[in-house]
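Working through the structure, step by step
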Amino acid sequence: MPSDIAARWEKAKRDFEGITGRHKPDPKGKVMKAFGHTGVSGAFKKCDQYIDAIENENRDQDKKARLIAAGAKYVPKVAKAAKDYLKVLDTAVKDEVSDKGEKTTYSKGLKFLRARLDHLESAYEQKIDGHQIAIDQTTSGMQKATLMIHKALRASVANAVAGCKKVKADPTVERYNEIFNQSDNIIRKIQVQLISAASAQKRGLIPSDGMRVDPRFVADKMTPWQAENRTDTKADETWDERKILSQVAEATKLVKLGNAFLDDLAAAAR
């Protein structure tokens, strides 16, 4: 399946426009300035090209290694493009606060866009790092497993953060169900990585000593959220904005637990 990082970024921008389009126009031009920043779109297209080239090369392993190395060299360029864009978004967010200090729809939408950008950058790094780790002959099995799980979990957490911010920006039944009422929703993606981590710990493939968070315990807490048409994942017409935001707050707590284990893995991988 072709890499879709660039397509997901374009969708995120369209979603932002859809969320904010029925509200007041951008008064200071900061949002339009952000959208006029084309460096990220081009960078993500290049990311897709690298990923597809690497994953389609199955015959010549030397060529595959060269492609992986080229993809790795591109990581800092993607990071710079994202960082430059984030500065623009952060400025726009600061300017989009009401007189009462309450965040506007634009501010919430921009935070979603910011989180999605972070997720997509993480997704590219995860793909490239995963290929690098797989061919690296200098690291131990435990180091490889720890790094692989850490990278995959980081991308999953970033994806979940973006999804939650998207619903916060547009707390409607339709948006809630788009994010949560899916067979492989944002919480399930984290749960899958935590189950994998728990299994790896049990087999001694990744560290377990000194960890603050039990990945199996957190994964089990996510079970009510890990499939479509469940009480917590499917909103209906009776759900108002307050109910939706309350549900997102509960989901965010679970994401934070996943992130706590991510921090433990990061420390163990050093």
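On a predicted model such as this, the values are computed, not experimentally measured, just so you know.

1. Regarding the pattern of salt bridges
Summed over all chains, the structure comprises 16 salt bridges. With a closest N to O distance of 2.8 Å, Lys-11 and Asp-15 form a salt bridge. In this pair, Lys-11 and Asp-15 are both assigned in helix α1 (residues 5–20), four residues apart and thus about one turn of the helix distant. Relative accessible area serves as the criterion here: at 36%, Lys-11 is assigned to the partly exposed category. The shortest N-O distance in the salt bridge between Lys-80 and Asp-84 comes to 3.0 Å.

2. Observations regarding α1
Under the 1.5 Å per step criterion, the end-to-end length of α1 is 23 Å for 16 residues, consistent within 8% with the ideal 22 Å. Here α1 has its buried residues at Ile-5, Ala-6, Trp-9, Ala-12, Lys-13, Asp-15, Phe-16, Ile-19 and Thr-20.

3. Digging into the packing of aromatic side chains
A full pass over the atoms with the stated rule returns six aromatic pairs. Of the aromatic side chains, those joined through ring pairs into one cluster are Tyr-176, Phe-180, Trp-225 and Trp-239. Just above the ring of Trp-239 sits the side chain of Lys-243; from NZ or CZ to the centre is 4.9 Å.

4. As for the confidence of the model for the protein chain
Averaged over all residues, the pLDDT of the protein chain is 87; the fraction at 70 or higher stands at 88%. The element-level mean pLDDT for the protein chain is lowest in helix α2 (residues 30–35), coming to 62, with helix α7 (residues 173–180) highest at 97.

5. Things to note about the side chain of Ser-3
Counting through the fold element by element, Ser-3 comes out in the segment before α1. Polar side-chain contacts of Ser-3 include one of 2.5 Å to the side chain of Asp-48. When residues no more than four places from it in sequence are discounted, the contact partners of Ser-3 are Asp-48, Ile-51 and Asp-52.

6. Details of the packing of α1 against helix α5 (residues 105–135)
Packing of α1 against α5 brings their axes to within 10 Å, and their N-to-C directions diverge by 175°. Here α5 runs roughly antiparallel to α1, going by the angle between their axes. Counting all contacts with α1, which are made through Ile-5, Arg-8, Trp-9, Ala-12, Lys-13, Asp-15, Phe-16, Ile-19 and Thr-20, the residues of α5 involved are Thr-105, Tyr-106, Gly-109, Leu-110, Phe-112, Leu-113, Arg-116, Leu-117, His-119, Leu-120 and Tyr-124.

7. Considerations on unusual backbone geometry
A positive phi angle, near 65°, is found at Asn-229, a position not held by glycine. When you line up the elements, Asn-229 lands in the loop between α9 (215–221) and α10 (241–269).

Reading the values: rules and limits
Residues numbered from 1 in each chain as written. Predicted model: local features only at pLDDT ≥ 70, side-chain atom pairs only at ≥ 80, totals over all residues. Heavy atoms only, no water. Salt bridge = Lys/Arg side-chain N within 4 Å of Asp/Glu carboxyl O. Helix = DSSP H or I, 4+ residues; strand = E, 2+ residues; numbered from the N terminus. Buried < 20%, exposed > 50% of the residue type's maximum accessible area, 1.4 Å probe, protein only. Expected span 1.5 Å × (residues − 1). Phe/Tyr/Trp six-rings, centres within 6.5 Å; stacked < 30°, edge-to-face > 60°. Lys NZ or Arg CZ within 6 Å of the ring centre and 35° of its normal. pLDDT = per-residue confidence, 0-100. Polar contact = N/O pair within 3.5 Å; in protein donor to acceptor, adjacent residues only side chain to side chain. Contact = heavy atoms within 4.5 Å. Axes fitted to C-alpha atoms, helices over the stretch in contact; angles between N-to-C directions. Parallel < 35°, antiparallel > 145°, perpendicular 65-115°, else oblique.

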